[in-house]
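# Remarks on the overall topology
Single-letter residue listing:
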Amino acid sequence: MSLRKGDIGDDVSLLQKRLTRAGFPVPETHVFDHETESAVMALQKTRGLVIDGIAGPKTMIALPGVALPSHLTDTDLVRAADALGVSVASIRAVNEVESRGEGFLTDGRPVILFERHVFYKRLKAQGLDADALAAKYPNIVSSTAGGYMGKAAEYTRLATAERIDADAAHESASWGAFQIMGYHWNALEYSSIADFVVRMQRSEGDHLDAFVRFIAADTALLSALKGRKWAAFAKGYNGPDYARNLYDAKLAQAYAKYADREKAAA
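A brief structural summary. What you see is a predicted model, and the numbers here were worked out from it, not measured in a lab.

Quick notes on the rules
- Residues numbered from 1 in each chain as written.
- Predicted model: local features only at pLDDT ≥ 70, side-chain atom pairs only at ≥ 80, totals over all residues.
- Heavy atoms only, no water.
- Helix = DSSP H or I, 4+ residues; strand = E, 2+ residues; numbered from the N terminus.
- Rg over C-alpha atoms; globule rule 2.2 N^0.38 Å.
- Buried < 20%, exposed > 50% of the residue type's maximum accessible area, 1.4 Å probe, protein only.
- Contact = heavy atoms within 4.5 Å.
- Areas by Shrake-Rupley, 256 points an atom, 1.4 Å probe, with all protein chains shown as cover.
- Lys, Arg positive; Asp, Glu negative; His and termini not counted.
- Charge placed at Lys NZ, Arg CZ, Asp CG, Glu CD.
- Core = buried A, V, L, I, M, F, W, Y, C linked by side-chain atoms within 4.5 Å.
- Axes fitted to C-alpha atoms, helices over the stretch in contact; angles between N-to-C directions.
- Parallel < 35°, antiparallel > 145°, perpendicular 65-115°, else oblique.
- Left-handed = near helix turned anticlockwise from the far one by under 90°.
- Nonpolar A, V, L, I, M, F, W, Y, C, P; charged D, E, K, R; others polar.
- Salt bridge = Lys/Arg side-chain N within 4 Å of Asp/Glu carboxyl O.
- Phe/Tyr/Trp six-rings, centres within 6.5 Å; stacked < 30°, edge-to-face > 60°.
- Lys NZ or Arg CZ within 6 Å of the ring centre and 35° of its normal.

## A word on the overall build of the protein chain
Secondary structure assignment for the protein chain yields 14 helices and three strands. Relative to the 2.2 N^0.38 estimate, which gives 18 Å for 266 residues, the radius of gyration of the protein chain is 20 Å and therefore close to what a compact globule would have. Considered along the principal axes of its C-alpha atoms, the protein chain spans approximately 60 × 45 × 30 Å. Counting the 266 residues in the protein chain, one finds 48% classified as buried. Sequence-distant contacts, at least 24 apart, represent 56% of the contacts inside the protein chain between residues at least 6 apart. Roughly 12600 Å² of accessible area belongs to the protein chain as shown, and the carbon and sulfur atoms make up 53% of that amount. Taken as two groups, the 32 positive and 33 negative side-chain charges of the protein chain have centres that lie 3 Å from each other.

## A short note on the environment of P27
The topology assignment puts P27 in the loop between α1 (10-21) and α2 (34-47). In this structure P27 comes out as partly exposed when scored by relative accessible area, which is 39%. The spatial distance from the C-alpha of P27 to the C-alpha of V88 is 49 Å, given a sequence separation of 61 residues. Residues within four places of P27 in sequence aside, it is in contact with Q16 and E35.

## Notes on helix α5 (residues 88-98)
Three- or four-residue spacings in an α-helix give side chains the same orientation, since the helix completes a turn every 3.6 residues. The buried count for α5 comes to eight of 11 residues, which makes it a mostly enclosed element. Listed in full, the buried residues belonging to α5 are V88, A89, S90, I91, A93, V94, V97 and E98. Where α5 is buried, its residues contact α4 (74-84), α11 (204-216), α12 (219-226), α13 (230-238) and α14 (247-265).

## A look at the nonpolar core
Formed by 63 residues in total, the largest nonpolar core has its most connected members in F119, W175, F196, I215, F233 and Y237. Setting aside residues up to four positions removed in sequence, F196 forms contacts with W175, I180, M181, G182, W185, Y190 and A210. Grouped together as the second largest cluster of nonpolar side chains are 14 residues, L3, L15, V40 and A55 included.

## Some remarks on the packing of α4 against α11
Across the interface, α4 lies against α11 with an axial gap of 10 Å and an inter-helix angle of 15°. The angle between α4 and α11 places the two elements in the roughly parallel class. Judged by the twist between their axes, the crossing of α4 over α11 is right-handed. Each of D76, L77, A80, A83 and L84 in α4 lies in contact with α11, whose residues at this interface are G205, L208, V212, I215 and A216. Split by residue class, the contact of α4 with α11 holds eight nonpolar, one polar and one charged.

## Notes on the pattern of salt bridges
Pairing between side chains becomes possible if they bear opposite charge and their charged atoms approach one another. Under the criterion given, the structure shown has 13 salt bridges. Between D74 and R92 there is a salt bridge, with its nearest N and O atoms 3.2 Å apart. With a gap of 18 residues between them, D74 in helix α4 and R92 in helix α5 connect regions that are remote in the sequence. R92 sits in the partly exposed class, given a relative accessible area of 21%. Note that D206 is salt-bridged to R202, the shortest N-O span being 2.8 Å. For D206, a relative accessible area of 9% translates into the label buried.

## Quick look at the packing of aromatic side chains
Taken as a whole and assessed by the stated rule, the structure comprises seven aromatic pairs. Where W230 meets Y255, the ring centres are 5.8 Å apart and the plane angle is 45°; that geometry is what we call tilted. A residue pair is termed long-range when its members are at least 10 positions apart, and W230 in helix α13 and Y255 in helix α14 qualify at 25 residues. W230 gets classed as buried once you look at its relative accessible area, which sits at 9%. Each residue in the set F178, F211, F214, F233 and Y237 is aromatic and connected to the rest through ring pairs, giving one cluster. In this arrangement the basic side chain of R109 is found over the ring face of Y155, its NZ or CZ atom lying 4.3 Å from the centre. Cation over ring: R213 sits above Y190, and NZ or CZ is 4.0 Å from the ring centre.

Pasting the structure below:
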């Protein structure tokens, strides 16, 4: 997706926020106007890009905090296995089945899924009138799950939520290859939700690190993984509908495959 002069909407607003954070301040008008074009061109000049004033994929990737996706390596998987005290085959199986594939969109932003029902709860907990906001923004605030648009369109939803409460918005999205919810940031020992988001924007290795922290903080999940009790692990990680998607069977098959490979290589 590319943004250029004359475009309007939440994607433009998000671009304007990021330009400002990157040191190229521009008013948040929701309109790709002359000032926004000038800021984009200044960014492009600084980053050594083609100076065309169009915010395409390379320009979006060049913004601080939106890093080129760094793919997982064998070293990352071995490190995760050591951290959790499980076999590398178990981590490979979980990565194959539970990872949502690529942890980044083609424009360099981490994959997210915005959960409007989580945002509703977090706003309500702050004493805000979540029901009034739900009436105004039903696709962003709701007592029920849904409203998903997928891929880059989830950032349009996130941008609308950010205008209501940025931290709560980030806490209400799941992030990266393993789709860890932002509101876990404190329990997973990140310094802030902003710290968590920056890490998710950095690399798939950071996505795996968040997953490791998530498993380590849940004794039942860790026990299930160590014991290779795939049904218990899948239920704890994916919820009661795990069997419908055969997560446990897929984990067992993947583990057997990787365990056999390890034996053959030994």
